[in-house]
Amino acid sequence: MIQIKTVDEIALMREAGLVVAGALRAVSAAVEVGVSTKALDDIAEGYIRSRGAAPSFLGYHGFPASICASVNEEVVHGIPSSSRRLREGDVISIDCGAIVDGFHGDAAVTVPVGEVAPEALELIRVTEESLWAGFAAAGIGGRLGDISHAIEASLRGQAAEYGIVRSYGGHGIGTEMHQEPHVLNYGRAGRGPKLVRGLALAIEPMVTLGKPDTVELDDDWTVVTADGSYAAHFEHTFTLTDDGPWVLTAQDGGAAKLAELGVSVPARG
Ligand code: MG
Ligand code: MG
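Residues numbered from 1 in each chain as written. Chains lettered and ligands numbered in written order. Predicted model: local features only at pLDDT ≥ 70, side-chain atom pairs only at ≥ 80, totals over all residues. Heavy atoms only, no water.

1. Topic: the overall build of the protein
Of regular secondary structure, the protein possesses five helices and 15 strands. Here the C-alpha atoms of the protein give a radius of gyration of 17 Å, agreeing with the 18 Å that 2.2 N^0.38 yields for 269 residues. Along the first, second and third principal axes, the C-alpha atoms of the protein reach 45 × 45 × 30 Å. For the protein, with 269 residues in total, the buried portion stands at 55%. Summarising the internal contacts of the protein: among those between residues at least 6 apart in sequence, 69% fall at separations of at least 24. For the protein, the accessible area works out to roughly 11000 Å², and carbon and sulfur atoms hold 52% of it. Side-chain charges of the protein comprise 20 positive and 36 negative groups, with the mean position of each set lying 5 Å from the other. (Helix = DSSP H or I, 4+ residues; strand = E, 2+ residues; numbered from the N terminus. Rg over C-alpha atoms; globule rule 2.2 N^0.38 Å. Buried < 20%, exposed > 50% of the residue type's maximum accessible area, 1.4 Å probe, protein only. Contact = heavy atoms within 4.5 Å. Areas by Shrake-Rupley, 256 points an atom, 1.4 Å probe, with all protein chains shown as cover. Lys, Arg positive; Asp, Glu negative; His and termini not counted. Charge placed at Lys NZ, Arg CZ, Asp CG, Glu CD.)

2. Topic: the coordination of the magnesium ion (ligand 1)
Under perfect tetrahedral coordination by four donors, a metal shows angles of 109.5 degrees; under perfect octahedral coordination by six donors, it shows angles of 90 or 180 degrees. On the protein side, the magnesium ion (ligand 1) has D95 (OD), D95 (OD), D106 (OD) and E235 (OE) as donor atoms, found 2.0 to 2.6 Å from it. Mapping the donors of the magnesium ion (ligand 1) onto the primary sequence yields the spacing D-x10-D-x128-E. Here the magnesium ion (ligand 1) and the magnesium ion (ligand 2) are spaced 3.1 Å apart, with D106 acting as a shared donor. Here D106 is found in strand β5 (residues 103–112), whereas its partner E235 is found in the loop between β13 (231–233) and β14 (236–241), with 129 residues between them in sequence. The exposure classification of D106 matches that of E235, with both residues buried. (Donors = N, O, S within 2.8 Å, 3.2 Å for Na, K, Ca; no water.)

See the structure below:
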């Protein structure tokens with residue numbers, strides 16, 4: 001079942017989304033050479049609780065932290081650790097979720113640590129760009145496949161070749177962090193469930209510098225690229241309004257990024 005949210009429920013998801021946005025801003029600002037991924041987790045949890053929200057990830061199927069911290073060849077679901085300290089040239093993906101009055105927000109960013117290789121910086125750029133291409137393609141009356149196709153087309157249209165991870169994807173979100181439908185990061189436009197008012201989705205392309213294949217480590221969480229290549233991961237939670245997509249985990253609702261793609265939506269505080 002695809003859960004459709006009321007206006008009041010979307011307002012709670014916006015509150016949760018702004019908490020996630022603030023937590024990711026605080027964590028991103030703290031990323032530097034020598035910092036441990038556990039220290040980043042502490043910052044996220046402290047921020048979320050200071051806003052009167054609860055971390056979505058902590059205890060989720062036993063996950064022991066408030067963020068996933070995935071470094072270099074780690075794609076998603078990395079477990080923060082006090083012994084994992086960031087090094088010059090690393091790229092770290094930080095995934096975070098928060099709950100306000102039972103409703104979730106979920107977002108992720110990938111951040112460079114100090115000086116990183118140009119191809120890794122470009123990987124970060126194209127992954128984020130593909131996420132926004134997905135939102136730009138989303139409109140009431142369209143189909144889920146429009147988003148999937150736009151993400152894939154954005155990545156296939158880049159100068160270099162990238163691996164689009166196929167084993168994981170986006171999802172519906174609301175009273176649970178993960179709901180139907182599953183959102184592929186590749187596919188055909190015009191297919192799949194209809195995009196309707198009150199639908200809320202987390203879109204999250206995961207992209208590699210090598211092959212798309214992934215392996216789960218023995219900790220039963222950390223997903224790494226099978227070929228050891230670096231990966232990037234960007235995610236936002238959004239809903240559809242009569243005025244276009246509303247990115248609930250972006251401070252401005254997505255207005256600035258969407259404007260770059262020629263999509264005009266109301267600026268939101
Ligand atoms: Mg997430
Ligand atoms: Mg997610």
